[in-house]
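Descriptive structure summary
Letter by letter, the chains look like this.
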Amino acid sequence: MSFSDLRAARQSKNARAFAAQSQAQQVNASPSPKQDKTESQEPSADAETLLDLYDLPDALTIRVVPREGRGIWSKHFIKRGSVILSVKPHTSVLSTPNLASYCSHCFEAASEAGLKRCARCRIVHYCTSGCQTADWTIHKRECAALQDWATHAPSAEVSVPSDAVRCLGRLLWAQQTEGPGSPCSKQVAAMQSNRKSLQPSAFEFHANLSHFLVRYLGISSPDGLQEFGIASSSDLVDLTSRFATNSYTVTTPDLTPVGACVSPVVALINHSCSPNAVVVFPRTSRVPLTEEPNMIVVALRDIQPDEQVLTSYIDTTLPRSMRRRELLDAYSFSCQCTLCTASSVVDPREALWCPKSCGGNCPLPTEENSLSQCARCKTAVKDTDAVLDAVRVGQQGLDKANSLQTKDPAKAVQLTTNLMPILISAKLTPSSHPLLGLSRLHQTLLISAFSASPTQDVLDEAIRTATRNTTGLSMILDEGHPVRGVALAEAGKLLAVDELEAKKPSAMPFERQDAFPPTGPPRLKLAYETLQRAREELLIGFSRAMEGGQVGREVRDALAALEKEMDVWKGGLRNAVNDLPRGS
Ligand SMILES: C[S@@+](CC[C@H](N)C(=O)[O-])C[C@H]1O[C@@H](n2cnc3c(N)ncnc32)[C@H](O)[C@@H]1O
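Residues numbered from 1 in each chain as written. Predicted model: local features only at pLDDT ≥ 70, side-chain atom pairs only at ≥ 80, totals over all residues. Heavy atoms only, no water.

1. Examining the overall build of the chain
Across its full length, the chain carries 16 helices and 14 strands. The proportion of buried residues among the 584 residues of the chain is 52%. Element-wise, carbon and sulfur atoms account for 54% of the exposed surface of the chain, whose accessible area totals about 26,500 Å². (Helix = DSSP H or I, 4+ residues; strand = E, 2+ residues; numbered from the N terminus. Buried < 20%, exposed > 50% of the residue type's maximum accessible area, 1.4 Å probe, protein only. Areas by Shrake-Rupley, 256 points an atom, 1.4 Å probe, with all protein chains shown as cover.)

2. Comments concerning the side chain of Ser-274
Turning to its location among the elements, Ser-274 is positioned in the loop between strand 9 (270-271) and strand 10 (277-280). At 3.0 Å, the side chain of Ser-274 forms a polar contact with the side chain of Arg-301. (Polar contact = N/O pair within 3.5 Å; in protein donor to acceptor, adjacent residues only side chain to side chain.)

3. Focus on the pairing of strand 2 (residues 69-74)
Where burial is concerned, most of strand 2 is hidden: 6 out of the 6 residues are buried. Relative to strand 2, strand 1 (residues 60-65) runs antiparallel, the two being bridged by 6 bridges. Among the inter-strand pairings, Ile-62 is bridged to a residue of strand 2, identified as Ile-72. What sits between strand 1 and strand 2 in their antiparallel hairpin is a turn of 3 residues. (Pairing = 2+ DSSP bridges.)

4. Regarding the packing of helix 3 (residues 163-178) against helix 7 (residues 233-246)
Where helix 3 meets helix 7, the axes come as close as 11 Å, and the angle between the chain directions of the two elements is 110°. In terms of orientation, helix 3 lies roughly perpendicular with respect to helix 7. Between helix 3 and helix 7, the residues in contact are Ala-164, Cys-167, Leu-168, Leu-171 and Leu-172 and Leu-239, Thr-240 and Phe-243, respectively. Within the contact of helix 3 with helix 7, the residues separate by chemical class into 7 nonpolar, 1 polar and no charged. (Axes fitted to C-alpha atoms, helices over the stretch in contact; angles between N-to-C directions. Parallel < 35°, antiparallel > 145°, perpendicular 65-115°, else oblique. Contact = heavy atoms within 4.5 Å. Nonpolar A, V, L, I, M, F, W, Y, C, P; charged D, E, K, R; others polar.)

5. Some words on the packing of aromatic side chains
Applying the stated criterion across every chain, the model contains 5 aromatic pairs. Centre to centre, the rings of Tyr-313 and Tyr-331 are 4.8 Å apart; their planes meet at 50°, and the pair counts as tilted. Within this pair, whereas Tyr-313 is found in the loop between strand 12 (310-311) and helix 8 (320-331), its partner Tyr-331 is found in helix 8, the two being separated by 18 residues in sequence. No difference in accessibility class separates Tyr-313 from Tyr-331, as the two residues are buried. With 6.4 Å between their ring centres and 90° between their planes, Tyr-313 and Phe-333 make a pair best called edge-to-face. Taken together, the residues span a long stretch of sequence, with Tyr-313 in the loop between strand 12 and helix 8 and Phe-333 in the loop between helix 8 and helix 9 (338-341) at a distance of 20 residues. Take Tyr-313: its relative accessible area is 9%, and that puts it in the buried class. Residue Phe-333 is classed as partly exposed on the basis of its relative accessible area, which comes to 22%. (Phe/Tyr/Trp six-rings, centres within 6.5 Å; stacked < 30°, edge-to-face > 60°.)

Right, dumping it as structure tokens:
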């Protein structure tokens, strides 16, 4: 199997809302598989009017809950792995680093033939002239604004406006074209604003966003704003708040973040850190290119009639305190989901192995509570200060390695290589923060390093890291979670890469007999089993109706190729046995 499809460097592997873009994607978690229960009110007049605004499938309805506001509820039983909603976002933009490598209309990655660049702005690119023509209605406004912005930019680094500014620009131009009375404009206007409950930390973000948006739209007087239906500066902050509260990150089929989008109907879904649904962009031959990027909401668990559909806006592999801070800062609410309010169990995101290795876990000590003992055998963790130090160093290292990963990947991989043993010897479980984050970044960096300069050592280290990551993710995420499926697919693909050199027998006496990863046929067998597990999980997280997404189809093809390869091995072995002299 070729390695090229594992090449792309990734920053994060969790789909989530755009406003919470600090690191990684969605989770359903143990310790409690219990679903968040919220008492809904019967549809109010407000919700009933809203129902007319959205073209919801029959199985869904809109209800209002006192604390969370409007939300989407199931009317019927929805089976795990089913598509709950499938929409083309109202507005979507690529993030700036991806403008030259993905089509700005359908978000397809550049093929070997490359992309066509817009001859005027020379900023956006398209895969076909069909995509370019389809995008022209909006891009003609965007094209002029981009050119004007670039002409006045003080330096090349800021010659393209931020993703948020460009997305808002597209949203407003689309509304102007469709007219304020169009269903889309009404849906956008009905999106929730958190202007009145903004955290002080968010003020600067909204002030800057408003300022740059006005500049980008070429507005020089209040009348200019009125043309977009914005009557005052409060209206402007309302708009930026509605955008921040309701936008999503667009990801590739393997969950690499590539842009931002707004879909008012998907934005009606409320948050839980232990969600029963996920948002993904699967890309399959079953969806016409004109509908891409196709955004689907998939049930991760069986959803009962009268149950609320909930997705996660943030990376749920993070510990409770980080999740809650992010939700408060970006979405202005304090999360009361089952995962945030559970108190009795050891959260696998913040856990140590038992000091006596009894198989139980201990809670990670904190600055406030340094006492920690195994939940099973009650053995106390002795040097909790050393654990706290390791976690602190690990967190700082993760932040640094994240910022270095594109600028200086060699330094970043050196950092992750040095830090992981510190956290592992402090006995953090593979699901614990910051070990899981570091380890996932380490895997991404190793894959890039292997693509640039393939060696057996790097490949084997990538496989060990990928295996640790799938173990860690399986301790936190529900079976079938897309992040788990993609992680298993990567581990399986790495195991299926042709070995570069056979291990020399002379080296073997110094190695453990069960050295991991195995070589030869046992390695192929493990690759096959891992890819089979990946396929089963991808058929849930990206839905069977979407063939498990693009990654699911790739895994299906990889399994077929491996079956052939294993048959060749078996055939070779049979021939070798048949060739042996009789009696030997
Ligand atoms: C994308 S909107 C979700 C739909 C929103 N409830 C509405 O009425 O339009 C996100 C906002 O909904 C609210 N929200 C979502 N999930 C919540 C939760 N679990 N608890 C409290 N508020 C929540 C917060 O105000 C958040 O900023």
